[in-house]
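Analysis of the macromolecular model
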Number of protein chains: 2
Amino acid sequence: MTRDGDNVERIQLAHGGGGRMTAELIESVILPALGGGDAATLADAAAVDVRGQAAMTTDTYVVQPLEFPGGDIGTLAVAGTVNDLAVFGAVPRALSLGLVIEEGLETALLRRVLESAGRAAADAGVAVVTGDTKVVPRGAVDKLVVNTTGVGEIHPGAQLGFDAVGEGDKIVVSGALGEHGLAVMACREALGLSAELDSDCGSVAPLALGLIERLGDAVRFMRDPTRGGLAATAVELARGTGRDVALDEAAIPVNPTARAAAEMLGLDLLTVANEGKLVAVVGAEAAEQARAVLTEQPAGAHAAVIGTVRERAEMPVVEMTTLAGGRRIVQMPYGEELPRIC
Amino acid sequence: MTRDGDNVERIQLAHGGGGRMTAELIESVILPALGGGDAATLADAAAVDVRGQAAMTTDTYVVQPLEFPGGDIGTLAVAGTVNDLAVFGAVPRALSLGLVIEEGLETALLRRVLESAGRAAADAGVAVVTGDTKVVPRGAVDKLVVNTTGVGEIHPGAQLGFDAVGEGDKIVVSGALGEHGLAVMACREALGLSAELDSDCGSVAPLALGLIERLGDAVRFMRDPTRGGLAATAVELARGTGRDVALDEAAIPVNPTARAAAEMLGLDLLTVANEGKLVAVVGAEAAEQARAVLTEQPAGAHAAVIGTVRERAEMPVVEMTTLAGGRRIVQMPYGEELPRIC
């Protein structure tokens, strides 16, 4: 890798041409970071070992800044896609990694975020099997865009879907809300918080698959409440099932630093993105066991039962009993409160 | 969709927030263009029907301009990924589509390129099963970045790989070289060509899978010569097999308008990207049949046998007998001759 005037290694346009310099970038930066051996590890296409029914999901990550308290775009890109598979009831089996790099990006930064991606993939027990690298002229993207697509194997015990949800089912969340979105915003806005606020970005696969293995078809529906937060997930649940949803604000776990940050930024914690939380709908009789199963893992230590699915309704709504004992309707967030959060 | 002052519908940042406006964009623009029914068609994750051994490939597309003679980023994004599966010997089964849209992009342009993607997918007999849409502030990407990831089913008759290639095997190409890269460059540079030059962007899956079905294990290796062109593919073949490769320039099909454009731009046709061509290595006895099988389809009408795999070598090279009867070494292109070509 060549260095420029300030003695910093940077990605050059020529690293994207499909020739010798592309091979050098892949062999000296990308593969070592992902823990791969030879170039064949990131070939144009790869065989994937899936038994039974396959599942597929994709996400493109544009978070800014690329590194934030508690994670970076590499961790996020792996965790986010692993999580979409897990809440679909699928065991992650293979990931693809597509990079679009702005020329001039510091090679060291690229290496760090790829190392994070490699660690996150190893932790999730999934391999990056194929990839693609484009380098574009300055201004054509802002530093780095990462796509990860995941293929998984649907767990034979997973019986998930809106159709499986019934009256009286309970809503369980694996921990405190809003930490990802607020950590990124606090870092961007340089809020003077009294305590460090870390993104929760990480895999929920052990939580989600743990629930399926232990509770079977008592698990009706799962989501990771990312963009739009718990509010979007709860409204999606109400619309998808055609049933009212009741949330209990007092039961929702919240990190006090996140609450303070949300107040400073004028944001509703319910609408802020999470990147390492699981929302599960489970049969009423299994709710306490679900909470207990989640709390067995550090990532689920603050799991709580936060709501109930109600009867069918013409125009199903999400209603929350507030801390003050009042009631408010939780709405689908309208547009973009926090651009480039994931 | 709202209109701005000049009465043009444009994508707004709020279309990416994961809320109501995202749902509106997906339901009013993305799904209709892709021929999908309801929103479930582009859920966060989807089940994929794969029997036997699965294959996976990914590519991110940053071509500029988004629409060019003979295609657009939508056609390209589908064809490119379908082609990577096909040359791997896999029948395409499912695609994911990840969009990163710059706010302010004209909605009509987005609709056009998605309709192209939908048509290309239908033509290739593959469904877009899952997607992701991000909208970023002005300047964070240049208009539109598209990732497609494909999952396919490896054809049971495919026995492809460098190991399968032997001395005397023949190299067949499905048609004329360099049309994609040159069509995009000619459009960007407003070259005054005497005839229209269209990109070749399109699926090579029927060609590749046709060869496997008709010739079986006489097909040893396949590639679509995209970035780096035939030069990169031939050098990759030489290195991967550890064998010299001989090309015959007189046999290589060339479109005269492409040749003129390459001369005007000072480019070597061998290094220019193709997006709808197949390079196959086949047993010598099957070479003529392979050519004939390719010519049965319009996309392979100009197929030709253009070279031979030679004996093992310490430092394997690609040597081309030129039109003038001389010889030259074909090298791996070094860097980026044509940024944002795919």
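Residues numbered from 1 in each chain as written. Chains lettered and ligands numbered in written order. Predicted model: local features only at pLDDT ≥ 70, side-chain atom pairs only at ≥ 80, totals over all residues. Heavy atoms only, no water.

1. Observations regarding the domain arrangement of chain A
All names here are of chain A. On domain assignment, one finds that chain A holds domain 1 (13–37 + 51–154) and domain 2 (162–330). On a C-alpha basis, the centroid separation for the pair domain 1 and domain 2 is 27 Å. The partner domain 2 presents 23 residues to the 21 residues of domain 1 that form the contact. Roughly 1600 Å² of surface becomes buried between domain 1 and domain 2 when both sides are summed, with 67% attributable to carbon and sulfur atoms. Contact with domain 2 buries area across many residues of domain 1, yet P69, N83 and V87 alone supply 35% of it, more than any other trio. Looking at the side of domain 1 that touches domain 2, the elements with two or more residues in it are strand 3 (67–68), helix 2 (73–87) and strand 5 (90–102). Examining the composition of the side of domain 1 that touches domain 2, we find that 9 residues originate from one element, helix 2, more than from any other. Across the side of domain 1 that touches domain 2, the residue classes break down as 12 nonpolar, 7 polar and 2 charged. (Domains from an automatic or database assignment. Contact = heavy atoms within 4.5 Å. Buried area = accessible area lost by both parts, 1.4 Å probe. Helix = DSSP H or I, 4+ residues; strand = E, 2+ residues; numbered from the N terminus. Nonpolar A, V, L, I, M, F, W, Y, C, P; charged D, E, K, R; others polar.)

2. Observations regarding the packing of helix 2 (residues 73–87) of chain B against helix 3 (residues 107–123) of chain B
All names here are of chain B. It is the contact of helix 2 with helix 3, at a shortest axis distance of 6 Å, that shows an interaxial angle of 30°. Judged on the interaxial angle alone, helix 3 and helix 2 are roughly parallel. The handedness of the crossing between helix 2 and helix 3 is right-handed. Contacts between helix 2 and helix 3 involve I73, G74, T75 and V78 on the former and, on the latter, V113, S116, A117, A120 and A121. Partitioned by chemical class, the residues of the contact of helix 2 with helix 3 number 6 nonpolar, 3 polar and no charged. (Axes fitted to C-alpha atoms, helices over the stretch in contact; angles between N-to-C directions. Parallel < 35°, antiparallel > 145°, perpendicular 65-115°, else oblique. Left-handed = near helix turned anticlockwise from the far one by under 90°.)

3. Observations concerning the pattern of salt bridges
Within the structure shown, the criterion is met by 33 salt bridges over all chains. K143(A) is the salt-bridge partner of D142(A), the closest N and O atoms lying 3.7 Å from each other. In this structure, the salt-bridge partner of R227(A) is D132(B), at a minimum N-O distance of 3.1 Å. Of this pair, R227(A) sits in the loop between strand 9 (219–223) and helix 6 (229–241) while D132(B) is found in strand 6 (residues 127–136), placing the two residues in two different chains. With respect to burial, R227(A) and D132(B) carry one shared label: buried. Among the ionic contacts, a cluster of salt bridges with common partners joins D59(A), R227(A), D132(B) and K134(B). (Salt bridge = Lys/Arg side-chain N within 4 Å of Asp/Glu carboxyl O. Buried < 20%, exposed > 50% of the residue type's maximum accessible area, 1.4 Å probe, protein only.)

4. Here's the deal with the sheet that holds strand 8 (residues 170–173) of chain A
All names here are of chain A. Here 7 strands make up an open sheet; going across it, the order is 9-11-8-12-10-13-14 and the pairing mixed. Strand pairing shows two members of the sheet lacking a second neighbour, strand 9 and strand 14 (327–330), which therefore form its edges. Looking at each pair of strands side by side, their axes are set apart by 25° on average, direction ignored. Direction of pairing for strand 9 relative to strand 11 (residues 279–282): antiparallel, over a ladder of 4 bridges. Across the sheet, residue M222 finds its bridge partner in strand 11, namely A280. Of the strands in this sheet, strand 8, strand 9, strand 10 (243–248), strand 11, strand 12 (304–312), strand 13 (318–321) and strand 14 are in contact with helix 6, which crosses strand 10 at around 150°. Taken strand by strand, helix 8 (residues 287–295) contacts strand 8, strand 11 and strand 12, and its axis lies near 10° from that of strand 8. (Pairing = 2+ DSSP bridges.)

5. Quick notes on the relation of the copies chain A and chain B
Mapping between the two copies of the chain is achieved by a rotation about an axis and a shift along the axis. Turning chain A through 180° and shifting it by 0.0 Å along the axis lays it on chain B, with an RMSD of 0.0 Å. With respect to symmetry, the two chain copies, as superposed, fit the operation of a two-fold axis. Nearest to the rotation axis, the C-alpha of V141(A) is located 2.0 Å from it, this being the minimum over chain A. Here 100% of the interface residues in chain A have copies in chain B that are interface residues too; the copies meet face to matching face. (Least-squares fit on C-alpha atoms with pLDDT ≥ 70 in both.)

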